[in-house]
Amino acid sequence: MDIRIGNGYDVHALKEGLPMWLGGIKIDSPKGFVAHSDGDVAIHALCDALLGALALGDIGHLFPDNAPEWKGIDSKILLGKVVGLIHDKGYEVGNADITIALQKPKLAPHILKMRETLAPILGISLDRVSVKATTTEKLGFVGREEGCEVWASAIVISR
């Protein structure tokens, strides 16, 4: 059995009037993410973690932000394509761990729904998907509510 680990990181700016998609769900917020796709920074970091585990590049390489076919796309579709690629290489997802840094809105009420949304796409049980949220105590661009940053780790296991 071959076990690999990957790490991902992504950042998106926040802007008034845009929808906020995070962890595969829409969150009620006056600000949303500036992006070519739906801007789901959590899924983007997770995609990079999965791709990194098998040295397959990154999300920007697979889904360039200047390609019209990815404009406004639901990031859950991108995650599904990455999981398909992992399967094509003879691996499956073992687990995923995501940490979201966002000052507002508070994410605690949404974490379970994020996990429930991501687990079936990843093809794993709910207890193998962790989503955590933190603020930056009003420090930096996250603390000034200018953006969001996410770190993700994932393990993939050969079939």
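It should be emphasised that the depicted structure is a prediction, and the values quoted were computed from it without experimental measurement.

## Let's talk about the sheet that holds strand β4 (residues 31-33)
Within a sheet, neighbouring strands are paired by backbone hydrogen bonds and run either parallel or antiparallel to one another.
Alright, step 1. Within the open sheet, the five strands sit side by side as β4-β1-β7-β5-β6. Their pairing is mixed. Looking at which strands have only one partner, the edges of the open sheet turn out to be β4 and β6 (129-134). On average, each strand axis in the sheet is tilted by 25 degrees relative to the strand beside it, whichever way the strands run.
Alright, step 2. Of the strand pairs in this sheet, strand β5 (residues 91-101) and β6 are connected by six bridges, and their pairing is parallel. Its bridge partner lying in β6, Ala101 is registered against Thr134.
Alright, step 3. On the sheet, helix α1 (residues 41-53) packs against β1 (3-16), β4, β5 and β7 (147-158) and is oriented at approximately 155 degrees with respect to β1.
Alright, step 4. Against the sheet, helix α4 (residues 111-122) makes contact with β5 and β6, and its axis sits at roughly 145 degrees relative to β6, the strand it touches most.

## Describing the packing of aromatic side chains
Alright, step 1. Under the defined criterion, the tally for this structure stands at two aromatic pairs.
Alright, step 2. Taking the centre distance of 5.7 Å and the plane angle of 50 degrees together, the rings of Tyr9 and Trp151 count as tilted. With Tyr9 in strand β1 and Trp151 in strand β7, this residue pair connects regions lying 142 residues apart in the sequence.
Alright, step 3. Given the relative accessible area of 39%, Trp151 is considered partly exposed.
Alright, step 4. Taken together, a centroid distance of 4.8 Å and an interplanar angle of 85 degrees make the contact between Phe63 and Trp70 edge-to-face.

## So, the nonpolar core
Alright, step 1. In this structure, Leu22, Leu46, Leu50, Leu79, Ile98, Ile100 and Leu122 are the most contacted members of the largest nonpolar core, which totals 47 residues.
Alright, step 2. Listing elements by their share of this core, those giving two or more residues are β2 (20-22), β3 (25-27), α1, α3 (75-88), β5, α4, β6 and β7.
Alright, step 3. Of all the elements, α1 adds the most residues to this core, at ten residues.
Alright, step 4. Those residues within four positions of Leu79 in sequence are excluded, and the remaining contacts are Ile43, Leu46, Cys47, Leu50, Leu118, Ile121 and Leu122.

Cut-offs used in this document
Residues numbered from 1 in each chain as written. Predicted model: local features only at pLDDT ≥ 70, side-chain atom pairs only at ≥ 80, totals over all residues. Heavy atoms only, no water. Pairing = 2+ DSSP bridges. Helix = DSSP H or I, 4+ residues; strand = E, 2+ residues; numbered from the N terminus. Axes fitted to C-alpha atoms, helices over the stretch in contact; angles between N-to-C directions. Contact = heavy atoms within 4.5 Å. Phe/Tyr/Trp six-rings, centres within 6.5 Å; stacked < 30°, edge-to-face > 60°. Buried < 20%, exposed > 50% of the residue type's maximum accessible area, 1.4 Å probe, protein only. Core = buried A, V, L, I, M, F, W, Y, C linked by side-chain atoms within 4.5 Å.

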